[in-house]
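# Architecture and fold: a report
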Amino acid sequence: LEHPRIRALKQSGGHWRSKSNTMFAFFGFVLSSCTVLTESLRHTGQHINHDGRAGTFVKALEFKHRLRICNAYPGTAAIDIYKGKGDRLNGDGPMPYKSCNDFVTPLKAGDKLEFKIGDANAGTFSISDLPNNDAVLFLVIHRHDTLSTAVAFESHVFANLLNAQVAIIDTYKG
């Protein structure tokens, strides 16, 4: 037994086929519109969020900058290193004379590295600029001169290369 509506559509001379064709055409139009919208968003670097707003695929490039610090300041007291006012970098203990450590911490231009001996501030190194690629920032704290306890800093940036690189820094102050 046929449903009465289908029988009525068949009796009207195939009108039911034109309605189904119209419905398929409409569905095709909606689908192609979605495809065009998706392609246009892809070319502009955007996507549609779950809440229906356009977002962006573009992210700021983040480079891997590692920090390598060496303590060339002669003395019996070890040095603590802080990024900013309170973020202690050498959580495993102070750095003794003639030691080096690598630190993985996000760095940006304007960051300040504070060096302390006990509670006394030994000096502050300010990062003025960083390269736009992966690199190792090499920083050496050493004695400024033989007449005072002041510190000085020497720095070098190692590029991200496959071959070996050497930095020679003379920190001896008689």
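Just so we're clear, the structure is a prediction, and the values are computed from it rather than from any experiment. (Residues numbered from 1 in each chain as written. Predicted model: local features only at pLDDT ≥ 70, side-chain atom pairs only at ≥ 80, totals over all residues. Heavy atoms only, no water.)

### Thoughts on the overall build of the chain
Applicable threshold: The helix and strand labels rest on DSSP assignments: H or I over at least four residues marks a helix, E over at least two residues marks a strand, and numbering proceeds from the N terminus. For this analysis, residues touch if any pair of their heavy atoms sits within 4.5 Å. In these tables, accessible area is a Shrake-Rupley quantity obtained with a 1.4 Å probe, and a residue counts as shielded only by the protein chains included in the view.
Looking only at helices and strands, the chain has two helices and 10 strands in total. Helices and strands appear in the chain in the N-to-C order α-α-β-β-β-β-β-β-β-β-β-β. Pairs at least 24 residues apart make up 48% of the contacts formed inside the chain by residues separated by at least 6 positions. For the chain, the exposed area adds up to about 12600 Å²; of that, 58% sits on carbon and sulfur atoms.

### Overview of the nonpolar core
Our working rule: Only buried Ala, Val, Leu, Ile, Met, Phe, Trp, Tyr and Cys residues count toward a nonpolar core, and they belong to the same one when joined by side-chain atoms within 4.5 Å. The rule is simple: take the accessible area with a 1.4 Å probe, protein chains only, and divide by the maximum for that residue type; under 20% is buried, over 50% is exposed, in between is partly exposed.
Membership of the largest hydrophobic core comes to 19 residues, with the highest contact counts inside it found for Leu67, Ile69, Ile81, Leu113 and Phe115. Leaving out residues up to four positions away in the same chain, Ile81 has contacts with Ile69, Asp87, Arg88, Leu89, Asn90, Met95, Phe103, Glu114 and Phe115. In terms of nonpolar packing, the next biggest core, distinct from the first, is built from six residues, Val136, Phe138, Val140 and Phe158 among them.

### What about the state of the cysteines?
What is meant by a disulfide is a covalent connection between two cysteines, made through their sulfur atoms. As a reminder, the rule being used: For this text, the term disulfide refers to a pair of cysteine sulfurs within 2.5 Å.
All chains considered together, the criterion is met by one disulfide. There is a disulfide in this structure between Cys70 and Cys100, and the S-S distance comes to 1.9 Å. Between Cys70 and Cys100, the S-S dihedral sits near 110°, and the bridge is therefore right-handed. Note that Cys70 is positioned in strand 3 (residues 65-72) and Cys100 in strand 6 (residues 99-103), a separation of 30 residues in sequence. On the basis of relative accessible area, Cys70 is assigned to the buried category, the value being 9%.

### Some points on unusual backbone geometry
Of note in this structure, Lys98 is not a glycine but carries a positive phi near 70°. Within the secondary structure, Lys98 sits in the loop between strand 5 (87-88) and strand 6. Of the residues examined, Lys98 reaches a relative accessible area of 68% and is grouped as exposed.

### Comments concerning the sheet that holds strand 7 (residues 112-117)
Applicable threshold: Two strands are said to pair when DSSP picks up at least two bridges between them.
If you trace the four strands from one edge of the open sheet to the other, you get 5-4-7-8, paired in antiparallel fashion. Lying at the two open borders of the sheet, with one neighbouring strand each, are strand 5 and strand 8 (120-126).

### Some thoughts on the sheet that holds strand 10 (residues 151-159)
Hydrogen bonds between backbone groups are what pair the strands of a sheet, and the pairing can be parallel or antiparallel. Definition in use: Note on definitions: angles span 0 to 180 degrees between N-to-C directions of axes, and those axes are lines fitted to C-alpha atoms, for helices only across the stretch in contact.
Spatially, the four strands line up as an open sheet ordered 6-3-9-10, and their pairing is mixed. Both outer strands of the open sheet, strand 6 and strand 10, are each paired with one neighbouring strand and no more. Mean inter-strand twist for the sheet, computed between neighbouring axes without regard to direction, equals 20°. Pairing of strand 9 (residues 135-143) with strand 10 involves nine bridges; the strand directions are antiparallel. Counterpart to His142 in the pairing with strand 10 is Ala152.

### A short note on the confidence of the model for the chain
Inclusion rule: Known as pLDDT, the predictor's confidence for each residue is given on a scale from 0 to 100.
Scored by pLDDT, the chain comes out at a mean of 78, with 66% of its residues at no less than 70. Under a pLDDT of 50 for its full length, residues 29-47 has, in the predicted model, 16 contacts with residues more than four places off or in other chains.

### A short note on the pattern of salt bridges
As a reminder of what qualifies: Salt bridges, as used here, are contacts in which a Lys or Arg side-chain nitrogen is within 4 Å of a carboxyl oxygen on Asp or Glu.
Taken as a whole and assessed by the stated rule, the structure comprises three salt bridges. The partner of Arg88 in a salt bridge is Asp80, and the shortest N-O contact between them spans 2.7 Å. A relative accessible area of 33% means that Arg88 is categorised as partly exposed. Residues Asp111 and Lys108 are paired through a salt bridge, measuring 3.1 Å at the closest nitrogen-oxygen approach. You can call Asp111 buried: its relative accessible area is 8%. For Lys108, a relative accessible area of 53% translates into the label exposed.

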